[in-house]
Amino acid sequence: MFTLFIWPRIRRENFQKIVVKGKLTKLEVVPSWEEPTPDTKHIFIYPAQAFGTGDHETTNLCLEFIIDELSKKVEKRILDFGCGSGILGIAASEFNIDVVDLYDIDPESIKNTELNIDHNKHLKSINSCRVLSKKSEIGKKYDFIFANILLNTLVEFKDEFTDLLPHDGKLLVSGLLKEQTGLFMEKYGDKFSILDTK
């Protein structure tokens with residue numbers, strides 16, 4: 001006797017609308033097969049195997065920070081590094097962005113991100129999105145980098161992130177365990193100042 005789990009179907013049955021409440025506005029994350037609440041800022045997400053539907057606490061906190069920051073000042077060039085489903089970069093596309101680059105090395109994440117971009121043609125800057133699978137495709141400079149990734153990858157790419165950001169650029173980091181924050185600051189403290197923590 002065994003049980004066969006079909007991942008996309010399980011995710012689809014469990015995935016419901018999520019409302020992300022920032023200080024200045026809110027964003028609704030809607031399953032791609034449902035209708036959004038009328039007159040709301042919203043994005044559509046299809047929950048395949050790629051991480052990122054907005055229901056996980058780290059993703060939700062990232063979305064809060066992104067919509068707050070971009071409501072105050074729109075950054076012109078954004079990199080979603082380790083984009084998973086593309087949810088963070090797609091959420092940024094609700095605002096007037098010149099470049100939204102979404103990078104991942106996982107083929108399933110790339111497919112899921114491309115699908116989710118297709119589901120969000122209503123967003124202001126969705127045509128500014130580029131899906132990247134090679135480091136060589138990443139641009140020269142970004143105003144804002146999202147990195148909802150593991151500590152070892154953050155440490156590995158510290159120099160790249162430093163080079164990709166101007167002196168007033170922002171790096172949004174999420175996904176660290178509480179006991180990892182000391183090591184993270186040891187690695188990043190000489191190059192970055194903390195603006196906010198949650």
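Owing to the predicted nature of the structure, the values given are computational and were not obtained by experimental measurement.

Visitor: Explanation requested: the pairing of strand 5 (residues 99-103) in the structure shown.
Guide: For a regular strand, the rule is simple: side chains alternate between the two faces of the sheet. With five of its five residues buried, strand 5 lies for the most part within the structure. In strand 5, alternate side chains face the same way, and those of Val-99, Asp-101 and Tyr-103 on one face and Val-100 and Leu-102 on the other are all buried. Pairing geometry for strand 4 (residues 77-81) and strand 5, over five bridges, is parallel. Residue pairing across strands places Arg-77 opposite Val-99, the latter belonging to strand 5. Traced from strand 5 through helix 4 (residues 107-118) to strand 6 (residues 129-132), the parallel crossover comes out right-handed.

Visitor: In this structure, what is going on with unusual backbone geometry? I would like to understand it.
Guide: Peptide bonds are, in most cases, trans, and in most cases residues other than glycine have a negative phi. Positive phi is not limited to glycine here, since Asp-39 has a value of about 60°. Of note, Asp-39 is situated in the loop between strand 2 (26-31) and strand 3 (42-45).

Visitor: Which parts of the structure should I look at to understand the confidence of the model for the chain?
Guide: In regions of low pLDDT, the predicted coordinates are not meant to be interpreted in detail. Per-residue confidence for the chain gives a mean pLDDT of 86; residues scoring 70 or more make up 87%. Across residues 1-7 the pLDDT falls below 50, and counting only partners more than four positions away or on other chains, this stretch makes three contacts in the model.

Conventions and cut-offs
- Residues numbered from 1 in each chain as written.
- Predicted model: local features only at pLDDT ≥ 70, side-chain atom pairs only at ≥ 80, totals over all residues.
- Heavy atoms only, no water.
- Buried < 20%, exposed > 50% of the residue type's maximum accessible area, 1.4 Å probe, protein only.
- Helix = DSSP H or I, 4+ residues; strand = E, 2+ residues; numbered from the N terminus.
- Pairing = 2+ DSSP bridges.
- Right-handed = clockwise from strand over helix to strand, strands pointing away.
- pLDDT = per-residue confidence, 0-100.
- Contact = heavy atoms within 4.5 Å.

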